[in-house]
Amino acid sequence: MSDRADIALTAATADIDVRAITEAEHPEWLRAVRAGFLKGPVVPAAEVEARRAQFEPGRFIGAFEGDRCVATFRSFAQEVTAVGGGFVAADAISAVTVAATHRRRGLLTRMMTRDLAAAKDRGDVVATLIAAEYGIYGRYGFGPATSGTVWTVDVTRAGLDPRGPALDGARIDLVDPDVVRKLGPELHDRVRRATPGAISRGDWWWQLHTGAVRTDPAWTEPFYALYRAADGTVEGLVAYDVDDKWADTMQPSNTANVRSLIAATPAAERALWHYLCSIDWVMRVKSDWRAPDDLLPHLLPNPPAAGVAMHADWMWVRILDVVRALEARTYEGEGELVLEVVDSSGLAGGRYLLEAAADGASCTATTRSADLKLDVGELGRLWLGDESVVRLVQLGRVREERAGAGRGADALLRTSRRPWCLDMF
């Protein structure tokens with residue numbers, strides 16, 4: 001950028017104040033969020049009141065030109081499941097917008113820099129977000145660490161018994177929202193411990209997704225089906241709605257749309273998908289966002305009946321503490337790896353020796369020669385075990401300082417099942 005352009009940019013942003021908002025400014029901040037996500041500039045009073053409980057001083061940031069909020073940013077405390085089932089403290093980032101009238105003035109950079117520095121000071125291990133646009137967050141050290149897939153099942157081709165699943169002493173019951181709020185959190189905790197990339201759900205999540213708190217005037221209550229094993233243990237839960245579509249010949253053409261399906265056992269997962277495919281008048285079942293290697297297609301006698309409707313990157317990870325991030329997870333084998341991590345922000349760069357063993361891992365700063373050199377964003381890609389180091393070397397995103405180091409790193413870092421973030425945030 002030329003000196004003249006630098007001067008113009010500084011002048012354009014000098015009168016814009018980036019700061020933590022007050023509670024009194026929260027409605028104006030919400031207006032800017034809605035406008036940024038193209039939902040219209042008016043915030044219903046009910047939404048303002050419902051979201052009041054989310055407000056946390058210091059974690060809601062706004063850019064103000066006078067009294068008008070022109071950019072927004074929010075973070076909140078989160079736990080992310082590392083490979084092996086350990087939880088790490090995360091800085092979850094959401095509600096990021098910049099008004100169309102104020103783009104390319106460095107407002108996102110100012111908000112992001114402020115938030116990541118605060119997260120580092122708090123001792124958060126990683127920062128997380130779900131990117132609406134792929135090209136934005138790499139420059140802040142984030143890398144796509146999980147992906148998600150949506151399937152649509154053609155029930156007529158699935159090959160399932162239309163009478164429904166064989167439960168072998170288990171049962172599936174339709175339940176009310178208060179039962180979901182009571183039993184769902186404990187089930188989810190079991191599921192997330194076994195799912196690298198899963199995130200915590202607070203009480204607000206359960207209230208919002210069962211209608212106890214409503215921010216969307218168009219929200220409708222779904223059906224909730226609970227799976228109990230033969231001994232009565234709750235092992236699965238699905239929330240779904242069904243559209244009301246009929247062919248011209250008065251034949252049903254309905255789709256069951258899954259909002260969320262969690263299962264602690266393969267038996268529960270199989271039974272709930274089979275149940276959805278056995279509902280009268282339902283011709284298609286559309287899944288929620290699932291892991292890209294989800295069991296769903298292969299739970300059907302005819303797997304091609306489940307076609308991929310959507311596939312995209314999902315949760316992005318930004319490593320803030322390399323040592324704690326690498327020590328928090330388990331590894332597929334034993335070995336040593338020296339990583340040269342480049343971080344232009346100065347938050348997590350350095351050279352690190354990872355020593356992985358069956359009884360845990362240690363990570364320390366080192367002066368040994370590096371095996372691999374990579375940007376902190378590429379380390380975020382690799383942390384949950386989904387990406388291949390060899391692939392990133394071939395793409396020019398990781399540099400081998402020692403021949404063959406990429407293959408050895410894959411033997412340590414990659415996982416037998418792909419990570420999955422169950423939720424949008």
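One can find the structure itself at the top, above this paragraph.
An account of the accompanying structure is given in this report. (Residues numbered from 1 in each chain as written. Predicted model: local features only at pLDDT ≥ 70, side-chain atom pairs only at ≥ 80, totals over all residues. Heavy atoms only, no water.)

1. Observations concerning the overall build of the chain
To be explicit about the condition: Numbered from the N terminus, helices here are DSSP runs of H or I no shorter than four residues, and strands are runs of E no shorter than two. We compute the radius of gyration over the C-alpha atoms and compare it with the globule rule, which gives 2.2 Å times the number of residues raised to the power 0.38. In this scheme, a residue with accessible area under 20% of its type's maximum is buried, one over 50% is exposed, and one in between is partly exposed, where area comes from a 1.4 Å probe on protein chains only. The contact criterion used throughout is that any non-hydrogen atoms of two residues lie within 4.5 Å. Here the open area of atoms and residues is found with the Shrake-Rupley method and a 1.4 Å probe, where only the protein chains shown may cover a residue.
When its secondary structure is counted, the chain shows 11 helices and 19 strands. Over its C-alpha trace the chain gives a radius of gyration of 24 Å, about what one expects of a compact globule, namely 22 Å for 425 residues. Principal axes of the C-alpha set define a box for the chain whose edges measure 70 × 55 × 40 Å. Burial status across the chain gives 50% buried among its 425 residues. Nonlocal contacts in the chain, meaning residues at least 24 apart in sequence, comprise 72% of its contacts between residues at least 6 apart. Carbon together with sulfur atoms contributes 51% to the accessible area of the chain, which is approximately 19,900 Å² in total.

2. Brief notes about empty space enclosed by the protein
Worth spelling out the cut-off: Grid points spaced at 1 Å and placed over the protein atoms alone form the basis of the search, with a cavity being a set where a 1.4 Å probe fits but cannot get out and a pocket an open set showing protein on both sides within 12 Å along at least five of seven lines. Lining residues have an atom within 4 Å of a point. Grid points are joined across faces, edges and corners, and a volume is the space filled by probe spheres set on the points. Polarity classes work like this: nonpolar for Ala, Val, Leu, Ile, Met, Phe, Trp, Tyr, Cys and Pro, charged for Asp, Glu, Lys and Arg, and polar for all others, with Gly in that last group.
Per the stated rule, a full pass over the model turns up 1 cavity of 30 Å³ or more. Considered as a void within the structure, the largest cavity measures approximately 40 Å³ in volume. Surrounding the largest cavity, Leu337, Leu339, Leu372, Leu374, Leu379, Leu382, Val389, Val398 and Leu413 form its lining. Secondary structure elements with two or more residues in the lining of the largest cavity: β15 (335-342), β18 (372-375) and α9 (376-383). Looking at the lining of the largest cavity, its residues break down into 9 nonpolar, no polar and no charged.

3. Focus on the sheet that holds strand β1 (residues 16-20)
Here is the rule we go by: Two strands make a pair as long as DSSP finds a minimum of two bridges between them. Axis definition: a line fitted to C-alpha atoms, over the contacting stretch in the case of helices. Angles run 0 to 180 degrees between N-to-C directions.
Reading across from one edge, β1-β2-β3-β4-β5-β14-β6 is the order of the 7 strands in this open sheet, with mixed pairing throughout. Unpaired on one side and paired on the other, β1 and β6 (143-144) mark the two borders of the sheet. Bridging between strand β4 (residues 87-98) and strand β5 (residues 126-130) involves 3 bridges; their strand directions are parallel. Across the sheet, the residue bridging to Ala90 is Val126, located in β5. Its contacts with the sheet put helix α4 (residues 107-122) on β1, β2 (60-65), β3 (68-81), β4, β5 and β14 (315-319), and the angle it makes with β4 is roughly 165 degrees. Packed onto the sheet, α9 meets β3, β4, β5, β6 and β14 and runs at close to 125 degrees relative to β14.

4. Some words on the pairing of strand β10 (residues 234-242)
Most of β10 is tucked away: 7 of the 9 residues are buried. Inspection of the sheet shows strand β9 (residues 223-228) paired to β10 by 6 bridges, in the antiparallel sense. Each bridged residue has a counterpart across the sheet, and for Tyr224 the counterpart in β10 is Ala239. Linking β9 back to β10 in an antiparallel pair, the connection comprises 5 residues, with Gly232 at a positive phi of about 90 degrees. Across 7 bridges, the pairing between β10 and strand β11 (residues 254-263) is antiparallel.

5. A closer look at the nonpolar core
To keep it simple, the criterion reads: Among buried residues, the Ala, Val, Leu, Ile, Met, Phe, Trp, Tyr and Cys ones that are joined through side-chain atoms within 4.5 Å form a nonpolar core.
Counting residues in each nonpolar core, the largest one holds 43 residues, and the members touching the most others are Val126, Ile319, Leu326 and Trp383. Contact partners of Trp383, with chain neighbours within four places excluded, come to Val80, Ala82, Val83, Val88, Val126, Val317, Ile319, Ala325, Leu326 and Arg329. Core analysis: the second largest hydrophobic core is formed by 30 residues, Trp151, Leu299, Leu300 and Ala305 among them.

6. Some remarks on the packing of aromatic side chains
Operational definition: Each aromatic pair joins two rings of Phe, Tyr and Trp (for Trp, the six-membered one) with centres within 6.5 Å, and gets the label stacked for planes under 30 degrees apart, edge-to-face for over 60, and tilted for any other angle. The criterion for a charge sitting over a ring is simple: Lys NZ or Arg CZ within 6 Å of the ring centre, and within 35 degrees of the ring normal.
In the structure shown here, the tally under the stated rule is 10 aromatic pairs. Geometrically, the ring pair formed by Tyr137 and Phe142 is edge-to-face, given 6.2 Å between the ring centres and 75 degrees between the ring planes. One aromatic cluster is present, formed by Trp29, Phe55 and Phe60 through successive ring pairs. Cation over ring: Arg19 sits above Phe64, and NZ or CZ is 4.1 Å from the ring centre.

7. Focus: the side chain of Ser147
Following the sequence through the fold, Ser147 ends up in strand β7 (residues 147-154). Ser147 gets classed as buried once you look at its relative accessible area, which sits at 8%. Each residue touching Ser147, except ones within four places of it in the same chain, is listed here: Arg290, Pro292, His311, Ala312, Asp313, Trp314, Asp386 and Arg418.

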